[in-house]
Structure formats: C-alpha cells, structure tokens
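# Topology and contacts: notes
Listed below, chain by chain, are the residues.
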Amino acid sequence: LDDTRPFLQEACAWAANQEDMDVLVLFGHWDVSGMGAEGDMAMPAFYSEVAAMPGCDKFEAKNMLKFVMGHTHCNDPHPHGKVGAGFRVAGFGMDGCGNYGVPLIDTSDNKVRFWYFDTSDSDRLNEVVACVSREGWKSCTSYATLWLNEDIPAREERSMVV
C-alpha cells in the first residue's frame with residue numbers, strides 16, 4: 001500500500017473536486033490477502049484504507065463509496081460485511097460457488113443500484129441474453145436480483161457534508 005498511497009491520494013483529491021460525481025466505485029481483484037495481494041491491498045481492507053483518505057472520505061460519509069471485488073469464484077453481495085458498500089462478482093465460469101452471472105451498476109433516476117443477472121444455467125442465460133438483445137437491460141430487470149437500491153443525495157445535501 002505504501003507504493004500505491006500517493007496515487008490513491010491523488011485520485012481521491014481529484015474525485016472530491018468533481019462536482020458532477022455522485023458515486024465512487026473501487027474495483028479490486030482480490031477479496032482475500034495472501035493469494036496474490038498484500039493484506040491491505042485486498043478488499044475490503046483496501047476499501048477501508050481508501051475510505052479514510054481525504055477526498056474519498058467525503059464519498060464514504062455520504063454512503064456513496066462502493067467497491068467490487070473478485071478472485072473467489074462466487075457472486076454475492078456483502079460476503080465480508082460492508083453491507084451496502086461491497087459486492088463480490090467473480091463467478092464467470094471457473095469452479096467456485098457455481099453461480100455465474102452478470103453484475104450491473106446503475107446510477108439513473110438519482111439512485112445507485114447494483115443489479116445481478118443470474119445466468120447460472122443455459123435456460124437463464126438464454127432468457128437474459130434474448131431479453132436484453134430485444135429490449136435493452138432496463139426492460140429485463142425481472143431477470144435480475146437487486147442487491148442495492150439507494151438514493152443518491154441531492155446536490156444541496158452533498159455540499160453540506162464536511
């Protein structure tokens with residue numbers, strides 16, 4: 001983390017100065033340390049480090065700092081706690097939990113939503129692909145599980161966060 005910290009500090013400072021940025025999402029491959037990542041570089045420890053950094057802490061204070069992690073071949077929300085913030089999406093064909101699917105982050109309508117389209121078997125996969133191809137993903141959410149559905153704070157509320 002020591003080598004990465006200056007880049008993270010720069011990124012957090014930049015993000016905090018983006019007036020139109022509502023949600024900040026961290027993506028990391030590792031969800032456990034010692035399997036290719038140092039302890040503080042795997043999620044959710046990495047998320048906790050970044051959440052405390054100036055700039056990123058403003059997103060955390062509004063509950064608008066989220067993270068996505070992988071490596072363990074499973075798809076599930078909040079496997080390591082951090083309910084409403086962390087999601088594991090790594091089941092894309094490798095052995096593991098056997099739950100294959102497609103995650104989607106949606107920030108329309110002043111909401112942040114995390115949809116999960118289960119494609120664990122051929123029938124589900126074909127139904128999802130056919131629907132999305134025909135109608136677009138927003139018309140196919142009946143095939144998805146909603147893992148997160150939160151309001152994005154209004155701009156007036158955001159400016160009041162210290």
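Scroll up to find the structure this text is about.
Rules used throughout
- Residues numbered from 1 in each chain as written.
- Predicted model: local features only at pLDDT ≥ 70, side-chain atom pairs only at ≥ 80, totals over all residues.
- Heavy atoms only, no water.
- Phe/Tyr/Trp six-rings, centres within 6.5 Å; stacked < 30°, edge-to-face > 60°.
- Helix = DSSP H or I, 4+ residues; strand = E, 2+ residues; numbered from the N terminus.
- Buried < 20%, exposed > 50% of the residue type's maximum accessible area, 1.4 Å probe, protein only.
- Lys NZ or Arg CZ within 6 Å of the ring centre and 35° of its normal.
- Pairing = 2+ DSSP bridges.
- Axes fitted to C-alpha atoms, helices over the stretch in contact; angles between N-to-C directions.

Tallying each qualifying case throughout the model produces 5 aromatic pairs. With a centroid separation of 4.2 Å and 15° between ring planes, the pair formed by Phe87 and Phe114 is classed as stacked. Here Phe114 lies in strand 6 (residues 111-118) and Phe87 lies in strand 4 (residues 86-89), a separation of 27 residues in the sequence. Of the two residues examined, Phe87 and Phe114, each falls in the buried class. Ring centres of Tyr116 and Trp147 lie 4.7 Å apart, and the angle between their planes is 10°; on these two criteria the pair is classed as stacked. Of this pair, Tyr116 sits in strand 6 while Trp147 sits in strand 7 (residues 144-151), and the two are 31 residues apart along the sequence. Each member of the pair, Tyr116 together with Trp147, is buried. Grouping aromatic residues by their ring pairs yields a cluster made of Phe87, Phe114, Tyr116 and Trp147. Over the aromatic face of Phe59 sits the side chain of Lys62, whose NZ or CZ is 4.7 Å from the ring centroid.

Within the chain, Asp109 stands out as a residue other than glycine whose phi angle is a positive 60°. Relative to the elements of secondary structure, Asp109 occurs in the loop between strand 5 (101-106) and strand 6. Judged by its relative accessible area of 59%, Asp109 is exposed. Residue Asn110 is not a glycine yet carries a positive backbone phi of 60°. When its relative accessible area of 60% is taken as the criterion, Asn110 is described as exposed.

Glancing now at the sheet that holds strand 6. Taken in spatial order, the 3 strands line up as 5-6-7 in an open sheet, and their pairing is antiparallel. Every interior strand has two partners, whereas the edge strands, strand 5 and strand 7, have only one. For this sheet the average axis-to-axis angle between neighbouring strands, irrespective of direction, equals 10°. Sheet analysis places strand 6 next to strand 7, joined by 7 bridges and oriented antiparallel. Within the sheet, the bridge partner assigned to Tyr116 lies in strand 7 and is Thr145.

Attention shifts here to the sheet that holds strand 3 (residues 75-77). If you walk across this open sheet you meet the 4 strands as 1-2-4-3, and the pairing is mixed. This sheet does not close on itself; its edge strands, each paired only once, are strand 1 (24-28) and strand 3. Looking at each pair of strands side by side, their axes are set apart by 15° on average, direction ignored. With 5 bridges joining them, strand 1 and strand 2 (residues 65-69) adopt parallel strand pairing. Pairing of Phe27 across the sheet is with Val68, part of strand 2.

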